[in-house]
Amino acid sequence: MKQSVKEDIQKGFQERLNYDELMNCMRCGFCLPSCPTYGQTNQYEASSPRGRIALMKGVVDGLIEPDATIERQLNQCLGCRACEPVCPSGVKYGHLLEEARDVIQQKKKHTWPVRVLRHFIFDELFPKKERIKKVHHLLSIYQQSGIQTFFHKTKLLSLLPGNLEQFEKALPIVPSKNEMNNRPTYLKAKNQTKRRVAFFSGCLMDTMFMKINDATLKLLQQAGCDIFIPEQQGCCGALHAHSGEKKTAKQLAKINIEAFETLDIDDIVLNAGGCGALLIEYDHLLRDEPEWQKRAEKFAEKVKDFSEILIELKFNEDHYLSLPDQTVTYQDSCHLRNVMKTSSAPRKLLRAIDGTFYKEMKGADQCCGSAGVYNLTEQKMSMQILDDKMIKVKETKAQTIVTSNPGCLLQMRLGIIREGLQDSVRAVHLAELLAESIKE
Ligand code: SF4
Ligand code: SF4
């Protein structure tokens, strides 16, 4: 990194990192055991939450230069925020990380291929629903036309770098173009209306994982919800916020706030922990714009995971749920657990299914290594974490692994493929399993 870039980054850190938050860290180390990267690096201090906070503070204080080593340590952080609930000082580590990454990405001079790729992904793909649908349409043609089967038979995909071949196998069958276009905008509660909710459908959740959205909507209807699904909503912006593209994340937040604020509803419901964690922090994201922050606060207050709503409406008590005999285990979505603070509702729902035996997995609260695009950008660390996770999965002897986030779901499917367990173990989203278990 050139000296001028380093100076710009340092200035950016000084202007934007909350110094009180950096000072709040009293270096007690309570967060260390919960940090997956600290564990995987044989307890290397710079790869821990405490170490990363010290590095950020060192740059702000002018004691160290923001060089490639610092960037490396911040990139290697999963952003799982498992360090936050255990911190006695309540350090908001995630906010510090988000700000630091944004400064580095904005000040850094990327090579032109990286600039083009980032521009395409962050500005041209995710914020534009129609483009996302087009990409999924191409994927659907690839999966349905026989090209995928040909590639699998000829093993041509083994020429792909890294473990992209395994990733390709972990992808779900995506819906057709017509299915993606014919999405509902309103659904009436089955029987009596108990709650009026708005559904946050997400971008990938309403294309690649559309069946999970459909299952969630069915459950909410069964639980007694009238559901509004505003067409104007878009991507939540989590990928942007975590990758140093805060400006676009803010624009996306404003689009979503506008799409939901005129609705007369009790809750904004969703089924992806990664998206939910940003939605409930829209007020923090927009804290520099007082008018928007107020609107964001009202929005954020209403955001809930669908599992919370189902428990509140006693869905598990009012419905008979059953499945063929099987052992089930649950892998927490880090953001659902550590930011949205939802961990008991999914477990209560799973325990209510007759025929299943719920087995808690050791370290279910620890990240699976998916973390947005981390499993592509930090493949080695991600696979180390996943392989450890699969040891714990195997200890439960579960036939079904349940998760509450699309990234975790893909990662668990990848883990199953890596272990060669495709014939005996499956990974599903909580909504899919519950929908499967309803006896109407
Ligand atoms: S637990 Fe909190 S206060 Fe203690 S070292 Fe970690 S971040 Fe700092
Ligand atoms: S966010 Fe996760 S990986 Fe990053 S420092 Fe905290 S616990 Fe470690």
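Check the entry above for the structure.
Residues numbered from 1 in each chain as written. Chains lettered and ligands numbered in written order. Predicted model: local features only at pLDDT ≥ 70, side-chain atom pairs only at ≥ 80, totals over all residues. Heavy atoms only, no water.

Asker: Is there a simple way to explain the pairing of strand β6 (residues 322–330) in this structure?
Answerer: As a general feature of sheets, a regular strand has side chains that alternate between the two faces. Along β6, seven of the nine residues are buried, which leaves the element largely enclosed by surrounding structure. In terms of strand pairing, β6 meets strand β7 (residues 354–358) through four bridges, oriented parallel. The residue bridging Ser-322 from the neighbouring strand is Asp-354, located in β7. Here β6 pairs with strand β8 (residues 400–403) via three bridges, running parallel. Its bridge partner being in β8, Thr-329 is matched across the sheet by Ile-401. (Buried < 20%, exposed > 50% of the residue type's maximum accessible area, 1.4 Å probe, protein only. Helix = DSSP H or I, 4+ residues; strand = E, 2+ residues; numbered from the N terminus. Pairing = 2+ DSSP bridges.)

Asker: Quick question: what am I supposed to make of the site of ligand 1 here?
Answerer: Near ligand 1, the surroundings consist of Cys-25, Met-26, Arg-27, Cys-28, Gly-29, Phe-30, Cys-31, Arg-50, Ile-53, Cys-87, Pro-88 and Ser-89. Among the residues forming the shell around ligand 1, the class breakdown is eight nonpolar, two polar and two charged. (Near = heavy atom within 4 Å. Nonpolar A, V, L, I, M, F, W, Y, C, P; charged D, E, K, R; others polar.)

Asker: I would appreciate a short explanation of the site of ligand 2 in the present structure.
Answerer: In the neighbourhood of ligand 2, 13 residues make up the surrounding shell, with Cys-35, Cys-77, Cys-80, Arg-81 and Cys-83 lying closest. When contributions to the shell around ligand 2 are tallied by element, the ones reaching two or more residues are α3 (36–40) and α4 (49–60). Of the residues that constitute the shell around ligand 2, the class distribution is nine nonpolar, two polar and two charged.

Asker: Help me out: how do you make sense of the sheet that holds β7 in this one?
Answerer: Within a sheet, neighbouring strands are paired by backbone hydrogen bonds and run either parallel or antiparallel to one another. Strand order across the open sheet formed by four strands is β7-β6-β8-β9, with parallel pairing between neighbours. The sheet is open, and its two edges are formed by β7 and β9 (426–429), each paired on a single side. Pairwise comparison of adjacent strand axes, ignoring direction, gives a mean angle of 35° for this sheet. Across the sheet, helix α24 (residues 406–419) lies against β8 and β9, angled at about 175° from β9, the strand it touches most. (Axes fitted to C-alpha atoms, helices over the stretch in contact; angles between N-to-C directions. Contact = heavy atoms within 4.5 Å.)

Asker: Can you help me understand the packing of helix α1 (residues 3–16) against α4 in this one?
Answerer: Each pair of packed helices gets described by two things: the angle between the helix axes and the distance between those axes. Look at α1 against α4: their axes get within 8 Å of each other, and the N-to-C directions meet at 105°. Considering their axes alone, α1 and α4 lie roughly perpendicular with respect to each other. Across from Gln-10, Phe-13 and Gln-14 in α1, the residues of α4 making contact are Met-56, Val-59 and Val-60. A per-class count over the contact of α1 with α4 returns four nonpolar, two polar and no charged. (Parallel < 35°, antiparallel > 145°, perpendicular 65-115°, else oblique.)

Asker: Whenever I open this one, the side chain of Thr-356 confuses me. Can you help?
Answerer: Tracing the backbone shows Thr-356 in strand β7. Here Ile-353 takes part through its backbone oxygen, which lies 2.8 Å from a polar atom of the side chain of Thr-356. Not counting chain neighbours up to four residues away, the residues in contact with Thr-356 comprise Leu-323, Gln-326, Val-328 and Leu-350. (Polar contact = N/O pair within 3.5 Å; in protein donor to acceptor, adjacent residues only side chain to side chain.)

Asker: Which parts of the structure should I look at to understand the environment of Arg-195?
Answerer: Positionally, Arg-195 belongs in strand β2 (residues 195–199). The exposure class of Arg-195 is buried, given its relative accessible area of 16%. Contact partners of Arg-195, with chain neighbours within four places excluded, come to Gly-224, Cys-225, Asp-226, Asp-266, Asp-267, Lys-304, Ile-309, Glu-312 and Leu-313. For Arg-195, the side chain forms a polar contact with the side chain of Asp-267, separated by 2.9 Å.

Asker: Is there a simple way to explain the nonpolar core in this structure?
Answerer: Among soluble globular proteins, nonpolar side chains are generally buried collectively. One finds Leu-220, Ile-227, Tyr-282, Phe-306, Leu-310, Leu-350 and Leu-434 to be the most contacted residues of the largest nonpolar core, which totals 88 residues. Contact partners of Leu-350, with chain neighbours within four places excluded, come to Val-328, Tyr-330, Thr-356, Tyr-358, Val-402, Leu-430 and Leu-433. Residues Phe-13, Val-59, Val-91 and Val-103 belong to the second largest nonpolar core, which totals 28 residues. (Core = buried A, V, L, I, M, F, W, Y, C linked by side-chain atoms within 4.5 Å.)

Asker: I would appreciate a short explanation of the environment of Gly-62 in the present structure.
Answerer: Structurally, Gly-62 can be placed in the loop between α4 and α5 (68–76). Judged by its relative accessible area of 44%, Gly-62 falls in the partly exposed class.

Asker: Can you help me understand the packing of α4 against helix α6 (residues 93–107) in this one?
Answerer: The N-to-C vectors of α4 and α6 enclose an angle of 45°; their axes lie 11 Å apart at closest approach. One finds that α4 runs oblique with respect to α6. Like other packed secondary-structure pairs, α4 and α6 cross with a definite hand, here left-handed. Packed against α4, whose contacting residues are Pro-49, Arg-52, Ile-53 and Met-56, the element α6 presents Tyr-93, Leu-96, Leu-97 and Ala-100 at the interface. (Left-handed = near helix turned anticlockwise from the far one by under 90°.)

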